[in-house]
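Letter by letter, the chains look like this.
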Amino acid sequence: MALSSPEATILNTAKIPENPSSPCSIHLQKLPHLTDYLPNLKPLPNPLEKNTLYHPPAGFYINQSEVVLGKIILDLSADSEAVSSHSPQVAYSRAGPRWQVFFDPKDIKAAIVTCGGLCPGMNTVIRELVVGLWEMYGVRQIYGVTAGYRGFYSRDPIELNPKLVHNWHKLGGTALETSRGGFDLNKIVDAIEHHGFNQVYIIGGDGTMRGAVNIFNEIQRRKLNIAVAGIPKTVDNDIGIIDRSFGFQTAVEMAQQAINAAHVEAESAVNGIGLVKLMGRSTGHIALHATLSSRDVDCCLIPEIDFYLEGEGGLFEFLEKQLKENGHAVLVVAEGAGQDMIPRTEAQKEERDESGNLVFLDFGAWLKSELKNWWARDHANELFTVKYIDPTYMIRAVPANATDNLYCTLVAYSAIHGVMAGYTGFVSGLINGNYAYIPVEEVAHARNEVNTKDHKWAWVRSVTNQPDFVKP
Ligand SMILES: Nc1ncnc2c1ncn2[C@@H]1O[C@H](COP(=O)(O)OP(=O)(O)O)[C@@H](O)[C@H]1O
Ligand SMILES: O=P(O)(O)OC[C@H]1O[C@](O)(COP(=O)(O)O)[C@@H](O)[C@@H]1O
Ligand SMILES: [Mg+2]
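Since we're looking at a predicted model, the values are computed, not measured.

## A look at the sheet that holds strand S13 (residues 328–334)
Part 1: Read across the open sheet, the 4 strands follow the order S12-S13-S11-S14; overall the sheet is parallel. If you trace the sheet from one side to the other, it starts and ends with strand S12 (299–301) and strand S14 (385–389), each paired once. Each adjacent strand pair in this sheet contributes to an overall mean axis angle of 15°, direction not counted.
Part 2: For S12 and S13, the ladder comprises 3 bridges, and the chain directions are parallel. When the sheet's bridge partners are listed, Cys299 is paired in S13 with Leu331.
Part 3: Sheet strands in contact with helix H8 (residues 248–267) are strand S11 (272–278), S13 and S14, and its direction is about 165° off that of S11.
Part 4: Packing of helix H12 (residues 363–378) onto the sheet brings it into contact with S11, S12, S13 and S14, and relative to S14 it is tilted by some 180°.

In structure tokens:
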């Protein structure tokens, strides 16, 4: 049947090359390997071969040639960027067990550390690293470094085993404790050497991964037989390349409770506004996803969009209309939104946390008072209520849900297999639904901001009907 919509016309006339599969080549991101700087290391057969419970079937081991593509959506029309520039498609090594390993389990002394803010699932990742190393590869020396990076040089590591970590996946937070700051490169690498750790698993966010790059470089410079693997953790979902971090979906789910409460409060008041602030230092992913799944939100404000309060096309005008039509409105704001609107003292402009992250002012509280001022000014004699809900830590200080727990298991096992195979300076992560190894250097600098030009943001706009804040 002939297609007659305008979209169909565009599709039918697009210049699609005769052989669309030919134009693209593949560029594999090279993973650092211990033999890059220790060429005399000898491979061993994978100890999984001797596992008494599990006999690896044919096809179990991953070949070096197996890759995961960084981009799976391509424009194959002849004049598209990808095709006309012949730019190669970026690919990453597929994660999983290798036939050869570069560690003898009896010589392994593994260290696990957690850094930065909490994220649901951190305990599961620790648990799965311990159980995976112990059960799959027969490793018996596994240690937890407590209190983040500073713990390497200021605390005694604690011994971990499957019995001890048995229930950890049911607990929020990190049993190893975490902290910000305290990154002292030489002290950390000295301590790693001093303790005899030869596998270091680092669970943390963008800051942590930048630290991991430095540790990896210093280990290479000292030519140490120590592999470093990162496992990206970011409740904000601000790390690029990977689809998302473990814990993100749990946080979005928890945020629903706050939005529901704000909705009930707003609906039950005369001219009621429910205002919810959700985490997201520099990205609005949690706010966006929580908004899309809730459907009760009338306006979602994130750091990636410019918006204004007063005048035509502004927030107050929009709320006025909402209150007139529905009697209530629900606003969701990301923590990092509107920071440049709040007046700051010189000291506040400089304030940073121990890791060097800028300390944000409470946009939700500021907006609440601005809303009240606006209403008092323009509608002095009408009732008005703003209920402000700030569930901050409640969305991240919880155990991971089932989906995130599964992700934690697979990402931890991927990291173990990669390290056993001698890879180092890499992270394991989910790319387009598949587990892959990515050079940590790349991950440490890859940002993941909300793309306000894509369909997802357009759906937010259509679900909420909020203005686009383009000044007339
Ligand atoms: N550029 C950097 N170089 C080295 N270490 C860093 C860097 N940025 C942050 N860190 C360290 O990484 C750890 C966690 O960083 P932080 O930004 O607090 O959290 P996250 O890793 O979750 O983003 C802290 O110990 C901090 O000192
Ligand atoms: O109060 P804390 O522990 O510094 O955490 C607050 C920050 O932690 C986060 O949840 C996550 O930040 P990180 O990924 O950098 O750890 C941010 O959204 C928030 O700004
Ligand atoms: Mg961070």
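## Looking at the site of ligand 2
Part 1: What surrounds ligand 2 is the set Gly116, Gly117, Arg180, Lys233, Val235, Asp236, Met279, Gly280, Arg281, Glu335, Tyr393 and Arg396.
Part 2: Between an oxygen atom of ligand 2 and a side-chain N or O atom of Asp236, the distance comes to 2.8 Å.
Part 3: A breakdown of the residues in the shell around ligand 2 according to their chemical character gives 3 nonpolar, 3 polar and 6 charged.

## Points about the UniProt feature "binding site: substrate" (unreviewed entry) in the protein chain
Part 1: Under the feature "binding site: substrate" (unreviewed entry), the UniProt entry names Thr234, Val235, Asp236, Met279, Gly280, Arg281, Glu335, Tyr393, Met394, Ile395 and Arg396.
Part 2: The topology assignment puts Thr234 in the loop between strand S10 (227–232) and H8.
Part 3: By relative accessible area, Thr234 is classed as buried at 4%.
Part 4: Among residues more than four places away in sequence, those in contact with Thr234 are Cys119, Ile239 and Ser245.
Part 5: Mapping Val235 onto the fold places it in the loop between S10 and H8.
Part 6: Val235 gets classed as buried once you look at its relative accessible area, which sits at 6%.
Part 7: Leaving out residues up to four positions away in the same chain, Val235 has contacts with Leu118, Cys119, Pro120, Gly247, Phe248, Ala251, Met279, Ile286 and Arg396.

Quick notes on the rules
Residues numbered from 1 in each chain as written. Chains lettered and ligands numbered in written order. Predicted model: local features only at pLDDT ≥ 70, side-chain atom pairs only at ≥ 80, totals over all residues. Heavy atoms only, no water. Pairing = 2+ DSSP bridges. Helix = DSSP H or I, 4+ residues; strand = E, 2+ residues; numbered from the N terminus. Axes fitted to C-alpha atoms, helices over the stretch in contact; angles between N-to-C directions. Contact = heavy atoms within 4.5 Å. Near = heavy atom within 4 Å. Polar contact = N/O pair within 3.5 Å; in protein donor to acceptor, adjacent residues only side chain to side chain. Nonpolar A, V, L, I, M, F, W, Y, C, P; charged D, E, K, R; others polar. UniProt positions renumbered as here; feature names shortened; annotations may be inferred. Buried < 20%, exposed > 50% of the residue type's maximum accessible area, 1.4 Å probe, protein only.

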